[in-house]
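# What the coordinates show
If you want the building blocks of each chain, they are given just below.
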Amino acid sequence: MKKTKIHWCDSTINPVMGCDGCPLYPSPASVRKSAMDWLQAQGVEEHVAERLVNDHLKDKFLTEIYHLRHDSSGRIAASLEASGFPLTKGFEKELARQFSKPVSCYATILHLIRGSNALKPDKWINPGYAKVFEEPTKFEGRTAKAALWPDLKGADRPESPWKNGLPRLIFVSDMGDSLSGSIDFEFLKKEVVDVADSPDGSRHIWLWLSKRPARMAKFDRWLKSKGSEWPENLVPMTSVIDMKMAGALHHLKSIRAPIKGLSIEPLLEPVKLDLKGIDWVIVGGESGSYARPFHLEWAYDIMKQSRKAGTAFFMKQFGASPNLHGQPLALKDSHGGDWSEWPEDLRVREFPHRFIQLGH
C-alpha cells in the first residue's frame with residue numbers, strides 16, 4: 001500500500017500474505033478448549049462438551065472455526081436441547097462469541113472478509129490475499145514495484161511531521177509474516193534483500209518485521225553462506241508483547257544489520273529489555289473489541305529504558321483500553337493514536353539517527 005495510516009511508516013508491502021501462527025493468533029485446539037470450558041461452566045458435562053465441539057470443529061483452521069461459529073453454535077445448542085439440557089437466554093450467541101473472541105489481529109480480520117469462507121465455497125476471493133490466512137501465499141514482484149515509488153527525502157508530511165526529512169519508510173509484512181516456515185530463503189533474497197539493495201530500492205528504508213527472529217537470523221546466516229551482505233537500509237525488526245518474547249532478542253541482535261528495531265505492540269505486561277544493539281523501539285497498546293488493558297506506566301518504563309540505552313523511542317498508540325494509575329482513560333480515538341489526547345511527556349515519536357543519515 002503506497003500510503004498507510006500506520007504512524008511509524010509511509011507505506012506497506014507484503015511479499016507474503018498470511019501467517020502460520022504466532023502468540024497473538026491462538027491455535028485451533030486452544031479455541032476449542034476455551035469453548036469446551038465455557039460449555040462446562042454452563043453445566044454441560046465435560047465429555048459431552050468435548051464431543052460436541054470436536055464433532056463440529058475438529059481439524060479446522062481458526063479461519064474456518066470463525067466462519068462456522070454461528071452454524072456450529074446453533075447445531076451444538078440444538079443437540080443439547082434435544083437431550084433435554086435447559087438452554088439459557090443468549091446461549092447460542094455467547095457460544096459463537098467464544099469461537100470468535102481470539103480473532104483480533106487486523107491482518108487476520110481482513111483475510112476473514114476477503115479470503116475464503118467455509119460457509120460460502122463459491123465466494124469471490126480477493127486475488128491479493130491468501131486464500132486461507134494460515135496458509136502463507138507468496139506474491140512475486142510486489143516489492144520491486146514498491147521500489148519504484150517516489151522518493152520522499154525532503155518531502156513535507158503535514159499529517160505526520162515526525163517523519164519529515166526521512167526517506168520513504170516501507171513496512172514489510174504488515175499482512176502476515178514472510179518468515180513463516182513454508183517460505184523459502186531464495187524467495188526472500190530475491191523479493192526483499194535484492195530489492196532493498198537495488199538502485200531504486202536503496203532510496204527507501206525497508207522496515208522488515210517478523211515474530212520469528214530465530215528464522216530471520218537463520219536467513220541471515222544463509223545469506224552469509226551465499227556471500228551476500230545485509231543492506232544497510234533493510235531494518236530487521238521483531239515483535240515483543242511480553243517477557244517471553246523479550247527473551248528472543250539475541251536472535252535479532254545476531255543479524256548482520258547496522259540498524260535493528262522492536263515493535264513492542266501490543267504490550268501486554270511490563271518488560272525489561274536488553275536494548276544493547278537495538279536502535280529503535282515502537283510501543284503500543286492493543287486495539288479491537290477484545291483489547292486487553294494497557295498501563296501507561298509500562299510505556300513510561302520502556303521510554304526510561306530507551307533513554308538509558310540511547311535507543312530511539314516511538315510511542316505509537318495507547319490502544320482501546322488504556323489506563324494510568326489504575327484509572328481508565330477516555331479517548332475519542334478508538335486506537336488511542338491521537339497524541340493530542342496524550343500526556344505531553346509521552347508525545348514522543350523518534351527515529352534512529354541512522355535513518356536521518358540514510359536520508360542525506
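All residue numbers here refer to positions counted from 1 along the written sequence of the relevant chain. The predicted nature of this model means local features are confined to residues of pLDDT at least 70 and side-chain atom pairs, given and counted, to a pLDDT of 80 or more, with totals for whole chains, interfaces and linings taken over all residues. Note that water and hydrogens are dropped before the side-chain values are worked out from all heavy atoms of the structure.

### A short note on unusual backbone geometry
Note the cis peptide between Glu 265 and Pro 266, where omega equals -5 degrees. Per the convention used, a helix needs a DSSP run of H or I reaching at least four residues, while a strand needs a run of E reaching at least two, with both numbered from the N terminus. Among the structural elements, Pro 266 can be located in the loop between strand E7 (261–264) and strand E8 (280–284). Of note, His 325 is a non-glycine position whose phi angle comes to about 55 degrees, a positive value. Within the secondary structure, His 325 is located in the loop between strand E11 (322–324) and strand E12 (327–328). Residue class for His 325 comes out exposed when judged on its relative accessible area of 64%. Note on exposure labels: buried denotes an accessible area under 20% of the residue type's maximum, exposed denotes more than 50%, and partly exposed covers the range between, all computed with a 1.4 Å probe on protein chains only.

### Brief notes about the side chain of Arg 157
Looking at the element boundaries, Arg 157 is found in the loop between helix H7 (142–147) and strand E4 (169–172). A relative accessible area of 8% means that Arg 157 is categorised as buried. Within the local environment of Arg 157, its side chain forms a polar contact with the side chain of Asp 10, the two groups lying 2.8 Å apart. Here a residue-residue contact requires only that any non-hydrogen atoms of the pair lie within 4.5 Å. The residues contacting Arg 157, other than those within four sequence positions of it, are Asp 10, Leu 152, Lys 163, Asn 164, Gly 165, Leu 166, Pro 167 and Arg 168. Side-chain atoms alone can form a polar contact between residues adjacent in sequence; in general such a contact is a pair of N or O atoms within 3.5 Å, and within protein one must be able to donate a hydrogen while the other accepts it.

### Quick notes on the packing of helix H2 (residues 46–57) against helix H4 (residues 69–82)
To define axes, lines are fitted to C-alpha atoms, for helices over the stretch in contact only, and angles between the resulting N-to-C directions are given on a 0 to 180 degree scale. Two numbers describe how H2 lies on H4: the axes approach to 10 Å, and their chain directions differ by 140 degrees. Between H2 and H4, the interaxial angle falls into the category oblique. Regarding H2 and H4, the two cross each other, and that crossing is right-handed. Packed against H2, whose contacting residues are Val 48, Leu 52, Val 53, His 56 and Leu 57, the element H4 presents Ser 72, Arg 75, Ile 76, Ser 79 and Leu 80 at the interface. Per-class residue counts for the contact of H2 with H4 are six nonpolar, three polar and one charged. Should an angle fall under 35 degrees it is taken as roughly parallel, and over 145 as roughly antiparallel, whereas 65 to 115 is taken as roughly perpendicular and any remaining angle as oblique. What makes a crossing left-handed is the near helix being turned counterclockwise from the far one by less than a right angle; a clockwise turn instead makes it right-handed. For this classification, Asp, Glu, Lys and Arg are treated as charged, while Ala, Val, Leu, Ile, Met, Phe, Trp, Tyr, Cys and Pro are nonpolar and the rest, including Gly, are polar.

### Focus: the packing of helix H1 (residues 28–41) against helix H5 (residues 91–100)
Where H1 meets H5, the closest approach of the two axes is 8 Å, and the angle between their N-to-C directions is 150 degrees. With respect to each other, H1 and H5 are oriented roughly antiparallel. The two elements H1 and H5 cross, and the hand of that crossing is right-handed. Only Phe 91, Glu 94, Leu 95, Gln 98 and Phe 99 of H5 make contact with H1, whose side of the interface consists of Val 31, Ser 34, Ala 35, Trp 38 and Leu 39. Split into classes, the residues belonging to the contact of H1 with H5 amount to seven nonpolar, two polar and one charged.

### Structural notes on the sheet that holds E11
Two strands pair if DSSP finds at least two bridges between them. Ordered by their spatial adjacency, three strands build an open sheet running E9-E11-E12, and the pairing between neighbours is mixed. Each edge of the sheet is formed by a strand with only one pairing partner; in this case those strands are strand E9 (294–295) and E12. In the sheet, E9 pairs with E11 via two bridges, with the strands oriented parallel. Each bridged residue has a counterpart across the sheet, and for His 295 the counterpart in E11 is Asn 323.

### Observations concerning the pattern of salt bridges
Take a side-chain nitrogen of Lys or Arg and a carboxyl oxygen of Asp or Glu: if they are within 4 Å of each other, that pair is a salt bridge. All told, the structure shown has 18 salt bridges when counted by the stated rule. In this structure, Arg 212 and Asp 20 form a salt bridge, with 2.4 Å as the shortest nitrogen-oxygen distance. On the criterion of sequence distance, the pair formed by Arg 212 in the loop between strand E5 (205–210) and helix H9 (213–225) and Asp 20 in the loop between strand E2 (16–17) and H1 is long-range, its members being 192 residues apart. Arg 256 serves as the salt-bridge partner of Asp 220, at 3.0 Å between the closest nitrogen and oxygen. One end of the pair, Asp 220, is in helix H9; the other, Arg 256, is in the loop between helix H11 (249–253) and E7, with 36 residues separating them in the sequence. Taking relative accessible area as the criterion, Asp 220 reaches 3% and is therefore assigned buried.

### Structural notes on the sheet that holds E7
The parallel open sheet is built from seven strands, whose spatial order is E1-E4-E5-E6-E7-E8-E10. Each edge of the sheet is formed by a strand with only one pairing partner; in this case those strands are strand E1 (11–13) and strand E10 (312–317). Between one strand axis and the next, the sheet turns by 25 degrees as a mean value, whatever way the strands run. By the bridge criterion, three bridges tie E1 to E4 in an arrangement that is parallel.

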